[in-house]
Amino acid sequence: MTPLLQFEAVEKSFFGVRVVKQVSFKVGQGRILGLVGENGAGKSTLMNLLGGNLQPDVGSMQFNGNIFAPKSPGNARDAGIGFVHQELNLFPNLSIAENLFLTDFPVNGPFIRRGVLQQRAAALLKQVGLDLPPVTPVEHLSTGERQLVEIAHALSFDARLIILDEPTTSLSTRESERLFSLMRQLRSDGRSIIYISHALGDILRLSDDVVVLRDGEVVGDFSAAGLDQSKLVSLMVGRELKQLFPTRKPASAGDGTNEPSSLMDVRGISQAGVARDISFTLHRGEVLGISGLMGAGRTELARILFGLDPHELGTIKVEGLELTGSPKRRIQERMAFLTESRREDGLCLEASIADNMALVTLPSHARTPLRLLDFTRMREALGKIREAVRLQSKLNDGQAVKTLSGGNQQKVVLAKWLLAEPRILILDEPTRGIDVGAKSEIYQLIHELADKGAGVLVISSELEELTGICDRILVMSAGKITGEFASAEFDRERILNAALPA
Amino acid sequence: MNHQAPYINRRSLAQPVLTALRSEYLVLFLCLLLFSALAPFTEGLASGNNFKNLLGNLAPLLVVAVGQTLVLIVGGIDLSVTSTIALTSVVGAFAMNGDDGWLKGSPAATPVAVMTMLGLGSLVGLGNGVAVTKLKMPAFIVTLTTMMFLSGLAIWMTKSKPLYNLPSSFTALGSQLWLALPIAAALAGLAHLLLTRSLFGRWLRAVGFNSRTANVSGVPVDAVIIAAYVACGLLAAAASVLYTARLETGSPVLGQRILLDVIGATVIGGTSLFGGKGKVLWTLFGVLFLSLLDNALNLLGLSHFTIMMVKGGVILLAALLDTARTRWLAA
């Protein structure tokens, strides 16, 4: 029997970086294929190629025996490929029926045939086992129910291949089981499924075949029978360490002694749905990593520590004094927070490089009356920090920060915080989307800061990065700390196992 | 290679146009263009008396528009400025008029009335700012309803009758150009200084560009937004002082027709409706442009309605030019 879908030597690059390399694999008719890999292994890019959001640079795809080159999501849909996304693509303000037939309303002239719409929707809902009236607004549905609606949508155009991207991350056990039995039923109807998940146990239980991606390459293509979790994990992480990381001197307290001295004490931080009883200590001169999968609550924890989000229970103490209040107060306590998204809350993209760099430390340059700014002193400070972060661009020509590359933008954000001479620096995905050269420079800056006695908290999805620059790593899963590793015991497999959902 | 000559030629022709388009003085150039194009056909446009008239109109409009500029920079909008002008005009006149004013004949009448007007304007701004930040309501709706409420209030208070007989020490503020112009210039200058050289100005722009980034960077976002609305209300009240004095009347419909002029002049000047970008100087050019257009069309003897149509068209053209220019320069 010919396979339903076939990737043949597909490649895709972004800005000269190959993120999908020579990928070939097949999805058989009526089979479930489990697709696994670390964050950034290329799974999403591959699915975007399949969905017509991106086009491959090299290679081709075959679907149902024909060459398949979708130019838009509409093409993929017409071919019979349905996506159930991690972030669901439903309109919460519309009803289930309206969502199901959004692009394909049964009409009579300009009017929607309400009766036919409800009838067809009801039939589809029955197929996926969702016992709700089709007129129910989607906003009243749970995540699990919304997923079933998305699957029903795929069935509405008789999709032969359904892609489920991390479908169970926010489902209860019961909802997951319901989804799994539906997946098995779809398979027995002769449909094929690509199932993407970090829950390796579920992958092994459900899939017929498993493909492992690492760094954009297929490193394993097996029949699921006879595979075990540890084999998958070692394939997922088994990459050579490159000489990207500066050598780390042993952590010192900055006062000559080697006794670790506590800088920030976090005790019992809890917030419903986000963090559960989180306690740890950050020491002077320490680079502490926080590892975990997407949605583990790492960013949420950082936002709580910086006073951006509230917490119900627990205390945060810096050198014995409890921290309260807004980010403004945290900054006065010499805390800094480089956020996950430069675009959203790291930079003012339209503003100039200099204005962005100066933003945090502006009040220190304000003179009464009228709090006018001392531009001479400000320019001096900016010039110094520009050299410290090795930013090439000039500051005096008002160049907008949006014209810079990702790496240089990140240097601007870093400079903004370094100007405030922080004693606690929280970095959330500090090297996301930036090139290798800038990465290594940022690692160096992190170490320099720690050597001066600051405590640095690094959140990253790249395990390699954390093991490369940290003195200690905490692992989070589902809002809890599930592992702690000192640098001597950094073991990628053990860390990944701690991060996987229990 | 003979096709090169026209190429170079076209370039040299396009160069000044491009430079003008790029320049932040574009609107000033347009003013000069408008003036020199209309002056030959418009009797009295270039006369000294008309300049006086023009400047007298321009001064209060500039003051309101500068306040609007501050609010637009922070990413908001204030539609209630005209009703603030009307309300403060009425309240000021109630306080100091010579017929039945609370302070009739008192030497303190003028200063107290002016302070009351300014205080009331700030209070309106405070209300708008708090509603926008603390109640997280859209600025458009907040200030639209403020406008309706305050306009109604001003008319209700006066039973829609204007108040006359204001003290001469007050009316001088508006009718004497040597007083009105320096007041307007001082207020605009102060706003310019704060915007370009002060902590507040930087914070204002940062919040307008990206309030989330500003918040993470320790900017007191809510306080900055509230301050912008308070300044806008205060400046609207200051404009009301100039208008009321100039007309020697406390009028409940004062300023009713200038809302489009205020926002139009600010946007024509180049201040962005999306926040972050804006300068007092730009607004000055925008106000000059609209005042000049108004003045010239009036002298041409066009009816009020024709003037409105032409003004609407010109503001649309200017907005179009602005978006096109942004796109060209980005390309």
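All residue numbers refer to position in the chain's written sequence, counted from 1. Chain A is the first chain written and ligand 1 is the first ligand written, with later ones labelled in order. At least 70 in pLDDT is required for a residue's local features to be given in this predicted model, at least 80 for side-chain atom pairs to be given and counted, and no such filter applies to totals for whole chains, interfaces and linings, which use all residues.

### What about the overall build of chain A?
So, point 1. In DSSP terms, a helix is any run of H or I states spanning at least four residues, a strand is any run of E spanning at least two, and both are numbered starting from the N terminus. Scanning chain A from terminus to terminus reveals 17 helices and 24 strands.
So, point 2. Note that the radius of gyration is over C-alpha atoms, with the globule rule given as 2.2 Å times the number of residues to the power 0.38. Taking 23 Å as the expected radius of gyration for a compact globule of 502 residues, we find that chain A reaches 25 Å, a close match to that expectation.
So, point 3. Considered along the principal axes of its C-alpha atoms, chain A spans approximately 70 × 55 × 45 Å.
So, point 4. Three classes are used. A residue is buried when 20 or more other C-beta atoms lie within 10 Å of its own, exposed when 12 or fewer do, and partly exposed in between, with C-beta atoms placed from the backbone. Of all 502 residues assigned to chain A, the portion counted as buried reaches 42%.
So, point 5. Within chain A, residue pairs in contact and separated by at least 24 positions form 69% of the contacts whose partners lie at least 6 positions apart. We call two residues in contact when their backbone-placed C-beta atoms lie within 7 Å.

### Re the overall build of chain B
So, point 1. Within chain B one finds 14 helices and zero strands.
So, point 2. In terms of overall size, chain B behaves like a compact globule, its C-alpha atoms giving a radius of gyration of 21 Å where 331 residues would be expected to give roughly 20 Å.
So, point 3. Classification of the 331 residues of chain B by burial places 48% in the buried group.
So, point 4. Partitioning the contacts of chain B with sequence separation of at least 6, the portion at a separation of at least 24 is 77%.

### With respect to the sheet that holds strand 4 (residues 58-63) of chain A
All names here are of chain A.
So, point 1. When DSSP finds two or more bridges between a pair of strands, those strands are recorded as paired. On the basis of which strands lie adjacent, the open sheet formed by four strands has the order 2-1-4-5 and antiparallel pairing. The sheet terminates laterally at strand 2 (17-27) and strand 5 (66-68), the two strands that pair on one side only. Averaged over all pairs of adjacent strands, the angle between their axes in this sheet comes to 30°, without regard to strand direction.
So, point 2. One ladder, built from seven bridges, connects strand 1 (residues 5-14) with strand 2; its direction is antiparallel. Bridge pairing in strand 2 places Gln-6 opposite Lys-26.
So, point 3. Of the strands in this sheet, strand 1, strand 2 and strand 4 are in contact with helix 1 (residues 43-50), which crosses strand 2 at around 65°. Angles shown run from 0 to 180 degrees and are taken between the N-to-C directions of axes, each axis being a line fitted to C-alpha atoms and, for helices, limited to the stretch in contact.

### Details of the packing of helix 4 (residues 81-96) of chain B against helix 6 (residues 139-158) of chain B
Residues and elements named next belong to chain B.
So, point 1. Where helix 4 meets helix 6, the closest approach of the two axes is 8 Å, and the angle between their N-to-C directions is 25°. Between helix 4 and helix 6, the interaxial angle falls into the category roughly parallel. Relative to helix 6, the crossing made by helix 4 is left-handed. Along the contact surface, helix 4 presents Thr-82, Ser-83, Thr-84, Ala-86, Leu-87 and Val-90, while helix 6 presents Thr-146, Met-147, Leu-150, Ser-151, Leu-153, Ala-154, Met-157 and Thr-158.
So, point 2. Residues are grouped as follows: Ala, Val, Leu, Ile, Met, Phe, Trp, Tyr, Cys and Pro are nonpolar; Asp, Glu, Lys and Arg are charged; every other residue, Gly included, is polar. Class assignment for the residues of the contact of helix 4 with helix 6 results in eight nonpolar, six polar and no charged. Any angle from 65 to 115 degrees is called roughly perpendicular, while one under 35 is roughly parallel, one over 145 is roughly antiparallel, and all others are oblique. Crossing chirality is assigned from the near helix's rotation relative to the far helix, an anticlockwise turn below a right angle marking it left-handed and a clockwise turn marking it right-handed.

### Concerning the domain arrangement of chain A
Residue and element names in this part refer to chain A.
So, point 1. How far each domain reaches was decided by an automatic or database domain assignment. Examined at the domain level, chain A breaks down into domain 1 (5-237) and domain 2 (241-334 + 421-502).
So, point 2. Computed over C-alpha atoms, the centres of domain 1 and domain 2 are 34 Å apart.
So, point 3. Domain 1 puts nine residues into the contact, and the matching count from domain 2 is 12 residues.
So, point 4. If you tally residues by element for the side of domain 1 that touches domain 2, the top one is helix 8 (residues 229-237), at three residues.
So, point 5. Partitioned by chemical class, the residues of the side of domain 1 that touches domain 2 number four nonpolar, five polar and no charged.

### Re the sheet that holds strand 13 (residues 262-271) of chain A
Residue and element names in this part refer to chain A.
So, point 1. Strand order in the open sheet formed by four strands is 14-13-16-17, with antiparallel pairing between adjacent strands. Each of the sheet's edge strands pairs with one partner strand only, and the pair in question is strand 14 (275-283) and strand 17 (321-322).
So, point 2. Bridge count for strand 16 (residues 313-318) against strand 17 is two bridges, and the pairing is antiparallel. Along strand 17, the bridge assignment pairs Lys-317 with Glu-322.

### Some details on the environment of Val91(B)
So, point 1. Take Val91(B): it is sitting in helix 4.
So, point 2. Residues within four places of Val91(B) in sequence aside, it is in contact with Thr116(B), Met117(B) and Leu120(B).

### Section: the interface of chain A and chain B
So, point 1. At the interface, 23 residues of chain A touch 18 residues of chain B.
So, point 2. Counted by class, the side of chain A that touches chain B contains 15 nonpolar, two polar and six charged residues.

### Some remarks on the environment of Leu323(A)
All names here are of chain A.
So, point 1. Positionally, Leu-323 belongs in the loop between strand 17 and helix 10 (327-332).
So, point 2. Assessed through the 18 C-beta atoms surrounding it within 10 Å, Leu-323 is described here as partly exposed.
So, point 3. Taking C-alpha positions, Leu-323 is 8.6 Å from Gly-307, a pair spaced 16 residues apart along the chain.
So, point 4. Those residues in contact with Leu-323, other than ones at most four positions away along the chain, are Ile-316, Lys-317, Val-318, Arg-330 and Glu-333.

### Digging into unusual backbone geometry
Residues and elements named next belong to chain A.
So, point 1. A cis geometry characterises the amide bond from Thr-368 onward to Pro-369, with omega recorded as -5°.
So, point 2. With respect to the helices and strands, the residue Pro-369 is situated in the loop between strand 19 (366-367) and strand 20 (372-373).
So, point 3. Backbone geometry places Leu-370, a non-glycine residue, at a positive phi of 65°.
So, point 4. One can find Leu-370 in the loop between strand 19 and strand 20.

### What about the nonpolar core?
So, point 1. In these notes, a nonpolar core means any group of buried Ala, Val, Leu, Ile, Met, Phe, Trp, Tyr and Cys residues linked to one another through C-beta atoms within 7 Å. Core analysis: the biggest nonpolar cluster contains 239 residues, and Ile426(A), Val456(A), Leu62(B), Val63(B) and Leu235(B) have the highest contact counts within it.
So, point 2. In terms of residue count, the dominant contributor to this core is helix 11 (residues 221-247) of chain B (19 residues).
So, point 3. Shared between two domains, this core takes at least three residues from each, and those domains are domain 1 (5-237) and domain 2 (241-334 + 421-502) of chain A.
So, point 4. When near neighbours in sequence (up to four residues on either side) are disregarded, Val456(A) contacts Val287(A), Leu288(A), Leu425(A), Leu427(A), Ile446(A), Leu449(A) and Ala450(A).

### Some words on the packing of helix 4 (residues 114-127) of chain A against helix 5 (residues 143-156) of chain A
Residues and elements named next belong to chain A.
So, point 1. The interhelical angle for the contact between helix 4 and helix 5, taken along N-to-C directions, is 115°, at an axis separation of 9 Å. The interaxial crossing formed by helix 4 with helix 5 has right-handed handedness. Two secondary-structure elements touch here, helix 4 through Leu-124, Leu-125 and Gln-127 and helix 5 through Ala-152, Leu-155 and Ser-156.
So, point 2. The residue inventory of the contact of helix 4 with helix 5, partitioned by class, reads four nonpolar, two polar and no charged.

### Some details on the confidence of the model for chain B
So, point 1. Residue-level confidence of the predictor, termed pLDDT, takes values from 0 up to 100. For chain B, the mean per-residue pLDDT works out to 90, and 94% of the residues sit at or above 70.
So, point 2. Scoring of the predicted complex yields 0.78 for pTM and 0.87 for ipTM.

### What about helix 12 (residues 259-269) of chain B?
So, point 1. The element helix 12 of chain B is extensively covered by neighbouring structure, given that nine of its 11 residues are classed as buried.
So, point 2. Trailing helix 12 of chain B by a residue or two, Gly270(B) shows a phi angle of about 125°, which is positive.

### Considering the environment of His153(A)
Residues and elements named next belong to chain A.
So, point 1. Inspection of the secondary structure puts His-153 in helix 5.
So, point 2. You can call His-153 buried: it has 26 C-beta atoms within 10 Å.
So, point 3. Spatially, the C-alpha atoms of His-153 and Ala-97 are 9.4 Å apart, while their sequence positions differ by 56 residues.

### Points about the pairing of strand 21 (residues 424-428) of chain A
Residue and element names in this part refer to chain A.
So, point 1. When you tally the buried positions in strand 21, you get five out of five residues, the bulk of the element.
So, point 2. Residues Ile-424, Ile-426 and Asp-428 line one face of strand 21 and the alternating positions Leu-425 and Leu-427 line the opposite face, and both faces are buried.
So, point 3. When strand 18 (residues 335-338) meets strand 21, the two strands line up parallel, connected through four bridges. Residue Ala-336 lies in a different strand from strand 21, and its bridge partner there is Leu-425.

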